[in-house]
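Listed here are the chains, written in short residue letters.
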Amino acid sequence: GCFVFKPSSKKRRWSEKTAHDFRSASSDSEDTELRFVTCQSLWNQIKSETEQIQEDLNKQLLDNLMSFLSRSHSNFQEKTAEWTCRMKFREIPTAALVLGVNVTDHDLTFRGLSDVLQDNITPYVALLEAKDCSGIKNLMQKLMGQLMNCDIDVDSLEDEDCVQVSPNRIRCSMPSLISWYDSATKKTDSGTPSKKRNSSSRHWQSPPVVVIFKDIESFTTKVLQDFIVISSQHIHELPLVLIFGIATSPMIIHRLLPHSVSSLLCIELFQSLSCKEHLSTIIDKLLLTSQFPFKLGEKVLQVLINIFLYHDFSVKNFIKGFQLCIVEHFYSQPLSVLCCHLVDIKKRVYSLSHDQCENIRRLLSFRRYVEKQESGKQIELLTNDSALKGETEKLLEDLHVYHENYISILRCLHVFTSSLPKYPLGKQIRELHCACLENRVWETEEYESSLQLARMLNKTDLVTMLQQCVGILVSSSGKEFDKTVEKLKEFLTQFQKLEEASQERDVSVSSQKELQKKTDLYHLQKTLLELKESRKSKKLTKFEMLRFEVVDYIDSLVRKYLVPADDRTLHEIVYFNTAAVLRGHLNAAPRTALHTALNNPYWYLKNQALKCDGGGISNKAPDICIVYKLHLECGRLINLVDWLEAFSTVVMAAEEPVADAASSDQVDDIIHARFIRAVSELELLGFIKPSKQKTDHVARLTWGGC
Amino acid sequence: MPNLEHPAYPAADLLHLESLVPCRESQVSMLLSIFGERHQFSFPSIFIYGHTSSGKTYVMQTLLTTLQLPHVFVNCVEYFTSRLLLEEILSQLQSCSSGTEQTSPVHCDTLNDFVRLFKQAVASQELQDQTLYIVLDRAEQLREMEANILPAFLRLQELTDRNVTVVLLSEIVWELFRPNIGCFEPFTMYFPDYSIGHLQKILSQNHPPEYSADFYAAYINILLGVFYMVCRDLKELRHLAALNFAKYCEPVVRGEANERDTRKLWKNIEPHLKKAMQTVYLREISSSQWERLQHDGGEPGQLKGLSAHTHVELPYYSKFLLIAAYLASYNPVRTDKRFFLKHHGKIRKTNFMKKHEKTSNHLLGPKPFPLDRLLAILYSIVDNRVAPTANIFSQITSLVTLQLLSTVGQSDQLDGPRYKCTVSLDFIRAIAR
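Residues numbered from 1 in each chain as written. Chains lettered and ligands numbered in written order. Predicted model: local features only at pLDDT ≥ 70, side-chain atom pairs only at ≥ 80, totals over all residues. Heavy atoms only, no water.

Within chain B, the secondary structure is distributed over 18 helices and eight strands. Contacts in chain B between residues at least 24 apart in sequence constitute 70% of all its contacts with a sequence separation of at least 6. In the form shown here, chain B has an accessible surface area of approximately 21600 Å², with 53% of it arising from carbon and sulfur atoms. (Helix = DSSP H or I, 4+ residues; strand = E, 2+ residues; numbered from the N terminus. Contact = heavy atoms within 4.5 Å. Areas by Shrake-Rupley, 256 points an atom, 1.4 Å probe, with all protein chains shown as cover.)

Right under this line is the structure:
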């Protein structure tokens, strides 16, 4: 499956347009083309990577489903005359597929499922959605349309004329479906030899007809019941398999179907991976890897994760958000040309224009870096472009190395923190990642407390963790870890030695105990007291010493490698950190926007005349704004006459500062019309509605004022 | 045992029929006497009702096929529109006696057409001298079609002026069918439920060829002992009998007991059947899974049923929205101020009131509440500030599509939509944890 489904021609047009947009909007036009190309290729890489990940994640589920489907109608052709088969009621095999509440992701799963089904089991797959199936008639129509079309697709070249029946002509009933099925399966049997080989290799003689109900919750009970009752009567002629896509819990089946209907089904449960695990895998494979040059800043990542956890649980939306970050980064940051793979950096750095060099000099992190250099080098970096380019290349390579090391050490640290009680630094690696990106992790309280806890770990845990760390570091791509691995292995051997030593000591202690047994009670008490004394004053055991050493070593690794990215020079090039933009795009707030527009029209209109406004109501504002502001001061029911009077006062205030006393009680017709228009606009926006309680009043639909 | 007797039909056929319809002899003989001889006009319409699986469809079908009476058998659930139904009757009519497979598709939109085409079909197929039976199964569906369908079927004999009898089969009583405008009253007939003795007799009738009838009858006896309390559905019982018979035979197959060793067999099967009642019968686990379990000799405890997976994982704000919706549905509006405002006062009284009201509110079921109240409660139960973003609103809609909330009234969405919370207290408790 994939995420963006646009016909290829359309997409090309779209991308050309975007390239143009990139050019026109940004100030320096030189690198836009390259930036756009880089952005596209990066996104394509990420896209294919995510598709791969998702395929792998769904594999288990799909395999289970496949085996269920192939099992479900295995005895269909055999027509066994066995007693049990004759006596047993033929139930419709049904897979209850629990997919979780992230409905937006389901499409992908279903598409993958139907692809796999069509490749391996049966060409006859129908996907039904509740919105298309308001009645049993619509359902049958949809079902037959999909099934018969798919048949045409399968052998469109050879015999189009005999299958070509428009869905309106055929009768939407089960017998016509069965006769279609018979003819379709018979045809594949008696087809040309080549075709037969082709079909029999993939499907059996009588492939099952799979009907997928995408969202079982939204189907009406009656439609489902009728369909199940009808199809159960024909199960002998039509090998039907149902798949229910369930978003909540499988209990919904019992809620939707009465026992008399659910007893016609043979329901097996399949559960997909939880979306949180899905997200963890995605983050693990997309963000915590040095494979892609583009990185997310802490705030941006937090926004994306928050939307996921707080709002929709949708991995698809998460990836869309990630895509938005990429596009936004390449669009807004001119230096993002350099956000590319290591091999291209040299070429790109040396082809930078002078303007771009100036851009680099303007970067905050680079300025910090320059200030630290000695004065001679400072001048060179700030004046000589080629020196700057050389330095930039070196810095970017450093940044790359930093990422590689960062990820490995982060994983090691996660090994430790994820097993501590209460998880002071978070259970998931993403939380740890955010904490490390945010600021120096070793300065936080949580880190301190987790070190404290780590100093209390028992030996077996510690040893397994160290072994895991060694595994991570050995498999990592960083080059600096040879020494670290050695050191860790040394720790491990020390632990090993310690174990042997302690065993010996155990023997000696037990012998000592033997001795003690023979003494009398008084002596025993005395010796015990002495022992206690000695234990109090005794230094730490060897194990404890070693444990401290290990923890300190880990701490030093953290301090060395887990420096927050903001501290690195040139981090602006690869990190996207403008969370506000992202939030504005993804977290739309319609009510707030509407309120801002009506309350403070200057925000959107940018008309200087509207600006002066403090708290009062300006008469220069559009009529609807005035009406809106006035209505904020009212209670639940608004008297139209009062409202009109207030409106006309506000409008008149500026036009005729000294209003005529005589004409004041008669409202101008034009103002009246303007008022009515503004009020009906408000009604359209859903702020008010006509009230039945009092004829000359309108009811307020929003709250907050009173 | 009342023997079926009718001068019009050969005795051998009747005897055969009698063996096929055990425990329904009196109904069959009654039907036969209504039908009369082949050429005689019968009652225009017969209405047969009885509980699920009391043999209505089966008896009618066997009766008509064994005696080779010309008939059309249609299930009204399957042919859900009047057009489909009428066309199906006509096409079956074409093929029922002509014998030729080639049936041209008939087009019949109205009852008027139907009567005309029906007359043609009957005339062309030399059926005038025999009574034609049209059996409409699940006839309660007819009520949902056009208003003229049911009355017309009831007096089809008169309308077509042909020898035809319409038989309606249904699970509900005739009183619920009778249209307001009045109609021809059919002859109504009741099929009573099978008693336990009947069930025993019918179920033991087809025993597996490998085992003796007595052995199987003993098994059925045990099965009914367990299941009769909860299930009297013959189909279901037969299904269950077939599912569990292998387990019953196990000791015999292994040679641990012989077929007469009823006590031992009972000890073996009884707990198994009880487990089956809690799982397979309720469709908690499917029958194929059950068979596999039996085959592998595993414990059914390993397989979790459908109801074991009640937990629903929800996003953070969805949880709060659902809790807020629950509170809004079950708390009266006037208590909102006390519960959700910071300075409410009178705590003691509130607690007392709450306890008193809670029981009654839960019995009354959820009450609808407007969107604004839901949001107000949400803002007060969530600790940090919640921006009213589109994400929050779309979550409400998705909760509705998940059927955790439901909209009340079909009014315009701009007009202050109202919702109801449809989940139970247990569900909310699980979420709130």
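Across the boundary between the two partners, chain A contributes 63 residues, which contact 63 residues of chain B. Applying the counting rule to chain A against chain B returns two salt bridges. Taken together, chain A and chain B are joined by ten residue pairs in polar contact (both at pLDDT 80 or more). No other element matches the six residues that strand β5 (residues 265-271) of chain A contributes to the side of chain A that touches chain B. (Salt bridge = Lys/Arg side-chain N within 4 Å of Asp/Glu carboxyl O. Polar contact = N/O pair within 3.5 Å; in protein donor to acceptor, adjacent residues only side chain to side chain.)

All names here are of chain B. One can find Gln94 in helix α4 (residues 82-98). We classify Gln94 as partly exposed; its relative accessible area is 21%. A sequence separation of 30 residues divides Gln94 from Ser124, and the C-alpha atoms of the two residues are 9.1 Å apart. (Buried < 20%, exposed > 50% of the residue type's maximum accessible area, 1.4 Å probe, protein only.)

The next thing to look at is a negative patch on the surface. Residue and element names in this part refer to chain A. Taken together, the side chains of Asp482, Glu486, Glu490 and Glu549 make up a negatively charged region of the molecular surface. Among the elements that take part in the negative patch, helix α23 (residues 481-518) stands out by supplying three residues, more than any other. By the secondary structure assignment, Asp482 is in helix α23. Using a relative accessible area of 58% as the deciding quantity, one classes Asp482 as exposed. (Patch = residues over 30% accessible without salt bridge, like charges linked within 9 Å, V, L, I, M, F, W, Y side chains within 5 Å. Lys, Arg positive; Asp, Glu negative; His and termini not counted. Charge placed at Lys NZ, Arg CZ, Asp CG, Glu CD.)

Residue and element names in this part refer to chain A. The interhelical angle for the contact between helix α13 (residues 298-312) and helix α14 (residues 315-332), taken along N-to-C directions, is 155°, at an axis separation of 10 Å. Considering the angle they form, α13 stands roughly antiparallel to α14. At the point where α13 passes α14, the crossing takes the right-handed sense. On α14, the residues touching Val300, Leu304, Ile305, Phe308 and Asp312 of α13 are Val315, Asn317, Phe318, Gly321, Phe322 and Cys325. Taken together, the residues of the contact of α13 with α14 break down into eight nonpolar, two polar and one charged. (Axes fitted to C-alpha atoms, helices over the stretch in contact; angles between N-to-C directions. Parallel < 35°, antiparallel > 145°, perpendicular 65-115°, else oblique. Left-handed = near helix turned anticlockwise from the far one by under 90°. Nonpolar A, V, L, I, M, F, W, Y, C, P; charged D, E, K, R; others polar.)

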